[in-house]
Amino acid sequence: MLRFEVNTDDLLHSRFALSPAFELCNALRLLERPTRRQLPSGWADRLLPAFQELRRGTDLDAALALHTPAFGADFVAQPPAGLAQSWADDLAAIRATPLAQARHEIARVLAAQPVTDPRVLEVLQGPEVVARVAEALDLAWHTLLARDWPQLRAICERDVVHRAGLLGRSGWAAALDGLHPQVRWRDGGVEVLRRLSGTHTVGLGGEGLLLIPSVFVWPRVATHQEDPWPRTVIYPARGISALWEAAAPPSGAEDSLADLLGPSRARLLAALESPASTSQLAGSLGLAVGAVGDHLAVLRRAGLLHRARSGRSVLYSRTPLGDALVGAQQPQ
C-alpha cells in the first residue's frame, strides 16, 4: 500500500490539473496493444490505420519504447501546471528537456526493457533524440487525438467540477469517495491500495497532492512519488462511459425519455447527474454549443434544471423533478 501523509498545508495546496501528454501516451499504449484493454466503440477501427502509418513513417516507435508496464521516461509527459494545460504547453516542455536528463531517463527505461530494433536505437542514442521524439509525439497528437480532445477535456473538467463541489461542501474524504476503488482517505492520509509489501509512506512536505482525472488510465489508477513530478494521483474521470455510449443504441427506457423530451434533451438531462457548463456538455456529448444552450433553456423553463454561477462559469444541474424524471426511466 502507498500512503500519502497529509498535513494542514497539504490540504490548502492540493489541486487538480489536466495532462494532455499523459492522455496521449496512454492512448498510444492502448493502440500498440489494442486487445490489452478495451477502447471506446469504433476508436480502434478509426485510429489504428493512422497509428500504424505513423509507426512506419515517423519515429513513433522510439517514443513507444520509452514506456514499460511499470513506468516511463518522465520527459515525454511532464507535470501539468493546472486545468488550462494544453498540448502546446506539454510539447514546449518536452522540447525544452536537457539532453542529459533525457539520456538518464532513457537509460533507466532501456535497462528495464531492452530494445533491439536498430531503427529505434538510432533515435534513442542519437544527439537529436529529444527533438525527434517531440516531433513524433506532435504528429501523433494531431493525427490521433486532437479531434477528440475537446470531448475528453470536457469529461475531465466535469469530474473536477463534481469533486470540487464535494470538497467545498464536505471536505477531502467526500471528494475522494468514489475516486477509484483503490483510493481512500483514512486517518489523515490518502491511501492507494497496491501490490506492495507493507505500507510505503510518502510525505507531501506542505506542497499538497496533485489530482489528475484521466480517460485512458481506466481501469487503473496511477501515481507519481518521485521528482520531477509532484506527488500525484491520476484516476479515471467520472463520465467516461459517455465515450462508449455515444455509439450504443438506446435502451427501451432511454427511448421513452427521448419520446417525451426529444433525443438531445433526453441525453442532456441524463448527463446532468453532476453539474456542468454548456461548453462541457457540448464537448462531452459531441453536440454544438448553441444547440446545447437552446435545449438547456427549454429544460430549465420546464422546471427540470437549476442554473447557478460558479466563478466564470454557469453550471446546470437537475432539479428534484429532473432527478425523478430520469430515475423513473431507470430499470427497477
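Only a predicted model underlies this, so the values are computations on that prediction, with no experimental measurement involved.

## Some details on the sheet that holds strand β3 (residues 183–186)
At step 1: One open sheet accounts for four strands, arranged β3-β4-β1-β5; its pairing is mixed. Edge positions in the sheet fall to β3 and β5 (200–203), since each has one partner strand and no second. Each strand axis lies, on average, 25° off the axis of its neighbour in the sheet, ignoring direction.
At step 2: Sheet analysis places strand β1 (residues 2–5) next to strand β4 (residues 189–192), joined by four bridges and oriented antiparallel. Each residue of the ladder has a partner; that of Leu-2, found in β4, is Val-192.

## What about the sheet that holds strand β6 (residues 210–214)?
At step 1: With mixed pairing, the four strands of this open sheet are ordered in space as β2-β6-β8-β7. Of all the strands in the sheet, the pair left with one neighbour each is β2 (15–16) and β7 (222–224).
At step 2: As judged from the three bridges shared by β7 and strand β8 (residues 232–236), these two strands associate in the antiparallel manner. Bridged to His-224 within β8 is Thr-232.
At step 3: Strands in contact with helix α9 (residues 149–170) are β2, β6 and β8; relative to β6, the strand with the most contacts, it is inclined by about 135°.

## A closer look at the nonpolar core
At step 1: One finds Leu-28, Phe-75, Leu-124 and Leu-137 to be the most contacted residues of the largest nonpolar core, which totals 53 residues.
At step 2: Listed by contribution, the elements that provide at least two residues to this core are α2 (20–32), α3 (43–57), α4 (60–64), α5 (87–95), α6 (99–112), α7 (118–124), α8 (129–145) and α9.
At step 3: Top element by residues in this core is α8. It accounts for nine residues.
At step 4: Filtering out sequence-adjacent residues up to four positions away, Leu-137 remains in contact with Leu-24, Leu-28, Ala-63, Val-76, Trp-87 and Ile-94.

What counts as what
Residues numbered from 1 in each chain as written. Predicted model: local features only at pLDDT ≥ 70, side-chain atom pairs only at ≥ 80, totals over all residues. Heavy atoms only, no water. Pairing = 2+ DSSP bridges. Helix = DSSP H or I, 4+ residues; strand = E, 2+ residues; numbered from the N terminus. Axes fitted to C-alpha atoms, helices over the stretch in contact; angles between N-to-C directions. Contact = heavy atoms within 4.5 Å. Core = buried A, V, L, I, M, F, W, Y, C linked by side-chain atoms within 4.5 Å. Buried < 20%, exposed > 50% of the residue type's maximum accessible area, 1.4 Å probe, protein only.

Scope: geometric values only; no functional claims are made or implied.
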